[in-house]
Amino acid sequence: MRFKDKVILLTGASGGIGKATAKCMAQEGGLLALVGRDPHRTREVAGQTGAFYHSTADITRSETCGQIIQEIVAARGRLDVLINNAGAIVRADICDTTDEQWRSIMAINVDAPFFLARQAVQVMRNCGKGGAIVNVSSINGFVGRETLVAYSTSKGAVIQMTQSMALDCAKDNIRVNAVCPGATDTPMPFSQHENPVTREQMAQVWKEKIPLQRMGTPEEIARSIAFLASSDAGYLTGTSLMVDGGFTCQ
Ligand SMILES: NC(=O)c1ccc[n+]([C@@H]2O[C@H](COP(=O)([O-])OP(=O)(O)OC[C@H]3O[C@@H](n4cnc5c(N)ncnc54)[C@H](OP(=O)(O)O)[C@@H]3O)[C@@H](O)[C@H]2O)c1
């Protein structure tokens with residue numbers, strides 16, 4: 001029960017990795033505050049995990065992030081863990097990537113984790129009991145990929161944000177780390193392709209590219225997130241953990 005009585009804010013709770021993370025941390029005693037975008041799926045995960053709070057407020061806005069953190073602190077008096085998991089992808093050649101697409105990817109993948117972390121760190125510092133932040137980046141924060149210029153840029157920013165935040169927060173015993181998943185079996189890898197691909201086709205493509213010869217499961221990513229958020233990772237800060245079946249070793 002690594003998260004017994006720990007107050008945990010998790011974004012992207014309505015998606016594949018978010019749902020698995022919520023379940024994993026609830027099983028270990030965490031008190032969950034969940035943020036999603038789709039109201040139905042967010043409510044469903046909140047119900048399945050006994051979350052004390054859920055919201056579908058727009059986390060790309062600074063004021064809303066402040067409000068969410070205030071509501072959690074009003075309910076439980078503290079915040080121990082923030083998991084910045086919400087994220088989106090756009091697939092387009094550099095010349096086809098529109099201003100609107102670029103800004104929307106930066107808003108959810110970079111602005112939202114920064115706005116939430118800034119507020120969370122203030123609360124954690126006031127409490128004086130340390131804390132943990134886990135940012136969900138991607139292998140594409142390390143290695144480029146065609147048609148992913150906006151996504152890769154945003155995920156690279158998350159890795160640098162993680163390191164700088166870790167340095168700002170180390171003296172407060174607030175650890176900040178990132179998880180960098182490789183291809184993981186959620187809706188994201190199958191979405192937004194010019195020619196629609198099935199889950200089976202995508203799994204076959206990745207089987208040939210990944211040393212462990214399969215995509216990751218959302219549960220495997222969830223366990224890595226939980227590890228970094230837990231006291232088992234008490235001496236880790238500023239690190240980016242590749243969870244990619246060996247893809248980036250090649
Ligand atoms: N799956 C992979 O292969 C993979 C690989 C590397 C990194 N990642 C990262 O892992 C994280 C989770 O992704 P996933 O695989 O679980 O994908 P997913 O199933 O598509 O989930 C994405 C989550 O982010 C939320 N979200 C997206 N855009 C949003 C916005 N503008 N405002 C608020 N919430 C928004 C979604 O909300 P709704 O569903 O309610 O709209 C959903 O909860 C992301 O940061 C992603 O970049 C995934």
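Please read all numbers here as calculations on a predicted model, not as lab measurements.

What counts as what
Residues numbered from 1 in each chain as written. Predicted model: local features only at pLDDT ≥ 70, side-chain atom pairs only at ≥ 80, totals over all residues. Heavy atoms only, no water. Phe/Tyr/Trp six-rings, centres within 6.5 Å; stacked < 30°, edge-to-face > 60°. Helix = DSSP H or I, 4+ residues; strand = E, 2+ residues; numbered from the N terminus. Pairing = 2+ DSSP bridges. Axes fitted to C-alpha atoms, helices over the stretch in contact; angles between N-to-C directions. Contact = heavy atoms within 4.5 Å. Near = heavy atom within 4 Å. Polar contact = N/O pair within 3.5 Å; in protein donor to acceptor, adjacent residues only side chain to side chain. Nonpolar A, V, L, I, M, F, W, Y, C, P; charged D, E, K, R; others polar. Salt bridge = Lys/Arg side-chain N within 4 Å of Asp/Glu carboxyl O. Buried < 20%, exposed > 50% of the residue type's maximum accessible area, 1.4 Å probe, protein only.

Asker: How should the packing of aromatic side chains be read in this particular structure?
Answerer: Any aromatic ring pair is given by two values, namely how distant the centres are and how the planes are angled relative to each other. Taken as a whole and assessed by the stated rule, the structure comprises 2 aromatic pairs. Taking the centre distance of 6.0 Å and the plane angle of 55° together, the rings of F114 and F115 count as tilted. Residues W206 and F247 carry aromatic rings whose centres are separated by 5.7 Å and whose planes lie at 70° to one another, so their mutual orientation is edge-to-face. A residue pair is termed long-range when its members are at least 10 positions apart, and W206 in helix α6 (residues 199-209) and F247 in the segment after β7 (240-243) qualify at 41 residues.

Asker: I'm lost on the sheet that holds strand β3 (residues 53-55) in this one. Help?
Answerer: As a general point, the strands of a sheet are linked pairwise by backbone hydrogen bonds and lie either parallel or antiparallel. One open sheet accounts for 7 strands, arranged β3-β2-β1-β4-β5-β6-β7; its pairing is parallel. Looking at which strands have only one partner, the edges of the open sheet turn out to be β3 and β7. The average undirected angle you get between the axes of adjacent strands in this sheet is 15°. Bridge analysis of strand β2 (residues 31-35) against β3 gives 3 bridges, and the strand direction is parallel. Of the residues in β3, the one forming a bridge with V35 is S55. Relative to the sheet, helix α4 (residues 99-127) contacts β1 (7-11), β4 (81-84), β5 (131-136) and β6 (174-181), its axis offset from that of β4 by approximately 175°.

Asker: Help me out: how do you make sense of the site of the ligand in this one?
Answerer: Near the ligand lie 26 residues; those nearest to it are S14, D38, N85, Y151 and T186. At 3.1 Å, a backbone N or O of G15 approaches an oxygen atom of the ligand. Of the residues belonging to the shell around the ligand, the class tally is 11 nonpolar, 11 polar and 4 charged.

Asker: How should the pattern of salt bridges be read in this particular structure?
Answerer: Two side chains bearing opposite charge may form a pair once their charged atoms approach each other closely. Evaluation of the coordinates by the stated rule reveals 10 salt bridges. Between R2 and E28 there is a salt bridge, and its shortest N-O distance comes to 2.8 Å. Taken together, the residues R2 in the segment before β1 and E28 in the loop between α1 (16-27) and β2 connect sequence positions 26 residues apart. Residue R2 is classed as partly exposed on the basis of its relative accessible area of 29%. Of the charged contacts in the structure, one is a salt bridge between E63 and R61, with a shortest N-O distance of 2.7 Å. Each of R2, E28 and D232 takes part in one network of salt bridges that share partners.

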